Amino acid sequence: IGKKIRAEDTDAIKKAIENIQMDNALQVNKFHDIEQWRDKLIAEGDDALQEYMTQFPQADRQQLRQLIRKAQHDVKTGKNTGGALELFRCLREVTK
């Protein structure tokens, strides 16, 4: 293995590893952004939805409003019917 590694172009290997790490970091940042939007939409409701629609006009306002209300109901009742997860998935699809 050592002989093969010494014979390889280490710069190309380093660049490939850096690209993989950068891609992973971008995915993590996107995930966190979506989580923040989800939490803001649940906490602030229609005001935050208007802000979201300004940034992402391709989103389905009616579907988002339904998912927000479902997630808000979960928070109020202390139940977990999956509203927040459904909202997160919808937001993820919009931001692809």
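See the structure above.
Residues numbered from 1 in each chain as written. Predicted model: local features only at pLDDT ≥ 70, side-chain atom pairs only at ≥ 80, totals over all residues. Heavy atoms only, no water.

J.: I keep staring at the overall build of the chain and nothing clicks. Help me out?
T.: Within the chain, the secondary structure is distributed over 5 helices and 0 strands. Start at the N end of the chain and walk to the C end: the helices and strands fall as α-α-α-α-α. Relative to its length of 96 residues, the chain is extended, with a C-alpha radius of gyration of 20 Å against a globular reference of 12 Å. Across its three principal axes, the chain shows a C-alpha extent of roughly 65 × 30 × 15 Å. Sorting the 96 residues of the chain into buried and exposed places 27% on the buried side. The contacts in the chain between residues at least 6 apart in sequence include a share of 47% that link residues at least 24 apart. Entry remark: accessible area of the chain is about 7,300 Å², with carbon and sulfur atoms responsible for 52%. Looking at the chain, you have 17 positive and 16 negative side-chain charges, and the mean spots of the two groups are 5 Å apart. (Helix = DSSP H or I, 4+ residues; strand = E, 2+ residues; numbered from the N terminus. Rg over C-alpha atoms; globule rule 2.2 N^0.38 Å. Buried < 20%, exposed > 50% of the residue type's maximum accessible area, 1.4 Å probe, protein only. Contact = heavy atoms within 4.5 Å. Areas by Shrake-Rupley, 256 points an atom, 1.4 Å probe, with all protein chains shown as cover. Lys, Arg positive; Asp, Glu negative; His and termini not counted. Charge placed at Lys NZ, Arg CZ, Asp CG, Glu CD.)

J.: Teacher, can you tell me more about the packing of helix α3 (residues 46-55) against helix α4 (residues 61-77) here?
T.: Packed helix pairs are characterised by how far apart their axes lie and by the angle those axes make with each other. Here α3 crosses α4 at 145 degrees, and the two axes come no closer than 11 Å. Where α3 crosses over α4, the two elements pack in a sense that is right-handed. When α3 is examined against α4, the residues D46, L49, Q50, Y52 and M53 are found in contact with a partner set consisting of R61, L64, R65, I68 and R69. (Axes fitted to C-alpha atoms, helices over the stretch in contact; angles between N-to-C directions. Left-handed = near helix turned anticlockwise from the far one by under 90°.)

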